[in-house]
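As a plain string of letters, each chain reads:
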Amino acid sequence: MLGKLALRNVRRQVGNYLIYFMTVSLTVALLFAVSNVIFSENLMRYLETNEAAKGTLVGAVVLISLIVAFVLSYATSFMLKLRKREFGTYLTLGMTRREILGIFLAEHALIGLLALIAGLAAGLLIYQGLTALIMRLLELRFALAAYAPAGLALTVGLVAGIFLLASLTSAIYLKRIRIYELLHGEVYPRTVRHPVLWFLVTAGSLALILGGLSYMGMEAERVVTSRLSQAEFGWIALGIAVSVILFHVGLSRSVIHLLLKQKRLCSRGSNIFVLRALSGTLGSNSLMLGCLAFLLAAAVTGANISFVQKVSQEAELDRNFPYDILYRENPNFPSGITLQQGEKVIQRYGQIAHRCLYELYTSNESTFYERTPWRSYTGLTDSFMKLSDFNGLIVPLGYEQVELAEEYLVVSNVPEAGLSSWDGLVFRHGGRSYTMREARGDYPVFCYQYFYVVVPDEVTEDMEREAGFGVYDLREGPLDVLALKKDLSYLEPDGYRDREDAVELCDYSLREYGRQEQNSTSAILVVAALFTAAVFLFLAMAVLALKILSGLEEDRRRYRSLFRLGAGEREQSRALFLQTFGFFLFPIVMPLLLGIPVAWIGQRIVKAARMEALAGQIPVIAGVIALVMALVYLLYYVAAFWVARRTVVRG
């Protein structure tokens, strides 16, 4: 009997369950798609240059599953409130709470099973879409990916855990709530106490948000040079996150109070009716709205960061790997592969099209290092490169040839070198004096010193040779970079360990290997960010929509009174739209607007990292992300408003 009652209730509550069903289905689809990525042998083979890839995705799935379980448990309580009068009637007629819980869980399980099936079906398509995205990020040709049974098992297990937690929440709710509250509804305060104080909280939180974002933007150079410590960055981020929550809590408890004081606004149509309705819903749900705003802000920020990282990848690759192969002689391990041996290995994999050999020299002094952040480091001596060698490296790359007359040029390889001050430093060597022409950090990396000094060739004649280098460009063609790197590697003892505990070393930096590492990092970061952003967006929209639906019984009574006062169907629809859209829009506005300062900070960071050409693309990325999120958000609201209008508005 109870089973038939549950099945009948599901058929009767299709409209109310629509939002819940959509959210669970989409969440299951995303979990299934990402779980298949984790257990796909083919995809993980392409990501093998990044060993942390699988762990990153597993961590993201588990963390998101915990958040999903919490939010869906919260949403389940809304579904109970939609039926509180019905369940109160059951209790009055003699049905036990355990039987009512059994009915609700049976309905819940049926909806969950249908959502699981629909989600798995949609996940099959989303998984292929994720595969296509990853293949594109890895610059590989797309091919249909096989599905992993372990991915299905992980998805079913996570969904089962989520529903168990939601069921526990429902049991606690039904055990504690009184029959009177079920029949007559829970009483929420219609007025907010101390609205002026909450307005001050709103203003203070907004000031903290703007101050924190401005500080991070102005300190972009410290971010790039790692002088902004992780602890300091973490405290700033935590402060912004808490301020976002407090801003929405304060605003929801003060804004309607301020609007109700505007007599001209309240005198128009049904505005005062709408404002009083919003006053109750915003005030009683202020903390929930603040938490949802935080989730949406995290989604916007994460998506922006992931795509900015991907856009900057190519410029970073060109800077760190200007040639296909770079060799650095390692004097600490003379038993390594020599330059001549390495060239023979390289020629087995591809034909060398261009080669340039050069050397660094040392004065065994620290004249230049004394003016850098590394002045306290022991054992660092200044490094010098011949002008002819430097021009031989930069001219084939399209840079203008450098001319030095009684001058020197400082070339930095790391942003931290920009904190040094060599202005006015006169370098004296061999009875001659050389003044600084300029210090530049926009040249590609040709060695791994913090910086080096380019001087006229005659300056290095009596200097000690520090290390030899070589760069190679290969003719276009297929290259098995993993096999090449393995053949160019050798074993050496790790510190003071025995030979048996030797580690693999390689004195050759391969552009293609670096590209694959960066692509795999970008692929994981983008997929994880999009997965997180999508789940957060769906959960936020579901909670808001279900909250609107949970109050439809009360809204129906209120709009019946409005109808009796002479409001037609059009006026009721307008009032309902303003009421629901104001509530639905409340937590999304600031997260979308946060894309503007996030884009500004991104521009500052790429400029500080000397990648100015990318600065113009960052606002475009932020705009596209905001537009997509706004459209999805709007579509979800349309579904919620359709159900609400059908239930509330009287013709």
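What counts, and where the lines are drawn
- Residues numbered from 1 in each chain as written.
- Predicted model: local features only at pLDDT ≥ 70, side-chain atom pairs only at ≥ 80, totals over all residues.
- Heavy atoms only, no water.
- Helix = DSSP H or I, 4+ residues; strand = E, 2+ residues; numbered from the N terminus.
- Pairing = 2+ DSSP bridges.
- Axes fitted to C-alpha atoms, helices over the stretch in contact; angles between N-to-C directions.
- Phe/Tyr/Trp six-rings, centres within 6.5 Å; stacked < 30°, edge-to-face > 60°.
- Buried < 20%, exposed > 50% of the residue type's maximum accessible area, 1.4 Å probe, protein only.
- Polar contact = N/O pair within 3.5 Å; in protein donor to acceptor, adjacent residues only side chain to side chain.
- Expected span 1.5 Å × (residues − 1).
- Salt bridge = Lys/Arg side-chain N within 4 Å of Asp/Glu carboxyl O.
- Contact = heavy atoms within 4.5 Å.
- Core = buried A, V, L, I, M, F, W, Y, C linked by side-chain atoms within 4.5 Å.
- pLDDT = per-residue confidence, 0-100.

A. Focus on unusual backbone geometry. Not every positive phi belongs to a glycine, and Asn 364 is a case in point at roughly 60°. For Asn 364, the location among the structural elements is in the loop between strand E2 (352-362) and strand E3 (383-386). With a phi angle near 55°, Glu 406 is a residue other than glycine that sits in the positive phi range. Positionally, Glu 406 belongs in the loop between helix H17 (387-394) and strand E4 (407-412).

B. Main features of the sheet that holds strand E1 (residues 325-328). Across the sheet, which stays open at both edges, the 9 strands sit in the order E5-E6-E4-E7-E3-E2-E8-E1-E11 with mixed pairing between neighbours. Either end of the sheet is taken by a strand with one partner, and the two such strands are strand E5 (426-429) and strand E11 (508-510). Direction aside, the axes of adjacent strands within the sheet are offset by 30° on average. In the sheet, E3 pairs with strand E7 (residues 451-455) via 3 bridges, with the strands oriented parallel. Along E7, the bridge assignment pairs Lys 386 with Val 455.

C. Structural context of the packing of aromatic side chains. Tallying each qualifying case throughout the model produces 21 aromatic pairs. Residues Tyr 369 and Phe 451 carry aromatic rings whose centres are separated by 4.7 Å and whose planes lie at 55° to one another, so their mutual orientation is tilted. In this pair, Tyr 369 is assigned in the loop between E2 and E3 and Phe 451 in strand E7, connecting sequence segments 82 residues apart. For the pair Tyr 369 and Phe 451, a shared accessibility class is recorded, and that class is buried. Ring geometry for Phe 584 and Tyr 637: centres 5.3 Å apart, planes at 55°, overall tilted. Placement of Phe 584 in helix H21 (residues 569-585) and of Tyr 637 in helix H24 (residues 617-648) is noted, with a sequence separation of 53 residues between them. Taking the relative accessible area as the measure of exposure, Tyr 637 reaches 4% and is therefore buried. Linked through ring pairs, Phe 577, Phe 581, Phe 584, Tyr 633, Tyr 637 and Phe 641 together constitute an aromatic cluster.

D. How the structure looks around the side chain of Arg 515. Looking at the secondary structure, you find Arg 515 in helix H19 (residues 511-550). Classification of Arg 515 by relative accessible area gives buried; the value is 15%. In terms of polar contacts, Arg 515 uses its side chain to reach the side chain of Glu 512, at 2.3 Å.

E. Broad picture of helix H14 (residues 271-284). The end-to-end C-alpha separation of H14 is 20 Å, in line with the 20 Å expected for 14 residues at 1.5 Å each. By the criterion of burial, H14 is predominantly enclosed, with 10 of the 14 residues buried. Within H14, burial applies to Asn 271, Phe 273, Val 274, Leu 275, Ala 277, Leu 278, Ser 279, Gly 280, Leu 282 and Gly 283.

F. Structural context of the pattern of salt bridges. What the rule picks out here adds up to 12 salt bridges. We note a salt bridge from Arg 465 to Glu 329, for which the minimum N-O separation is 2.6 Å. Taken as a pair, Arg 465 in strand E8 (residues 464-474) and Glu 329 in the loop between E1 and helix H16 (339-349) lie far apart in primary sequence, 136 residues in all. You can call Arg 465 partly exposed: its relative accessible area is 38%. With a relative accessible area of 24%, Glu 329 lands in the partly exposed category. Across the salt bridge formed by Glu 458 and Arg 432, the nearest N and O atoms sit 4.0 Å from each other. Separated by 26 residues along the polypeptide, Glu 458 in the loop between E7 and E8 and Arg 432 in strand E6 (residues 432-440) bring together distant segments of the chain. A residue is classified by how much of its surface remains accessible, and Arg 432, at 37% relative accessible area, is partly exposed. In the salt-bridge network here, residues are joined through shared partners; they are Glu 329, Glu 359 and Arg 465.

G. Local environment of the environment of Tyr 559. Among the secondary structure elements, Tyr 559 is positioned in helix H20 (residues 552-564). Expressed as a C-alpha distance, the spacing of Tyr 559 and Ala 575, which sit 16 residues apart in the sequence, is 9.2 Å. In contact with Tyr 559, other than residues within four places in its own chain, are Phe 273, Gln 572, Ala 575, Leu 576, Gln 579 and Val 648.

H. Structural detail: the nonpolar core. Membership of the largest hydrophobic core comes to 83 residues, with the highest contact counts inside it found for Ile 19, Phe 531, Leu 544, Phe 583, Phe 584 and Tyr 633. With 19 residues, H19 is the single largest residue contributor to this core. Excluding residues that lie within four positions of it along the chain, Phe 583 makes contacts with Leu 278, Thr 281, Leu 282, Asn 285, Met 288, Leu 289, Leu 544, Lys 547 and Ile 548. Grouped together as the second largest cluster of nonpolar side chains are 22 residues, Leu 393, Val 402, Leu 404 and Leu 409 included.

I. Main features of the confidence of the model for the chain. Per-residue pLDDT for the chain averages 79, and the proportion of residues at 70 or more is 83%. E3 holds the highest mean pLDDT among the elements of the chain, 95, whereas helix H8 (residues 179-184) holds the lowest, 55.

J. Focus on the side chain of Thr 202. Residue position: Thr 202 is located in helix H9 (residues 195-218). Reaching out from Thr 202, the side chain makes a polar contact with the backbone nitrogen of Leu 251 at a distance of 2.8 Å. Contacts of Thr 202, omitting those with residues within four sequence positions, involve Phe 247, Gly 250, Leu 251 and Ser 254.

K. Examining the pairing of E2 more closely. Judged from the 10 bridges that link them, E2 and E8 form a sheet pairing that is antiparallel. Paired with Arg 355 across the strands is Tyr 472, a residue of E8. The pairing of E2 with E3 spans 3 bridges and is classified as antiparallel. If you follow Thr 362 over to E3, its bridge partner there is Ser 383.

L. The pairing of E4, seen in detail. Within E4, 5 of the 6 residues are buried, which leaves it mostly tucked inside the rest of the structure. Here E4 runs beside E6; their pairing, made up of 5 bridges, is parallel. Bridge pairing in E6 places Val 411 opposite Arg 440.

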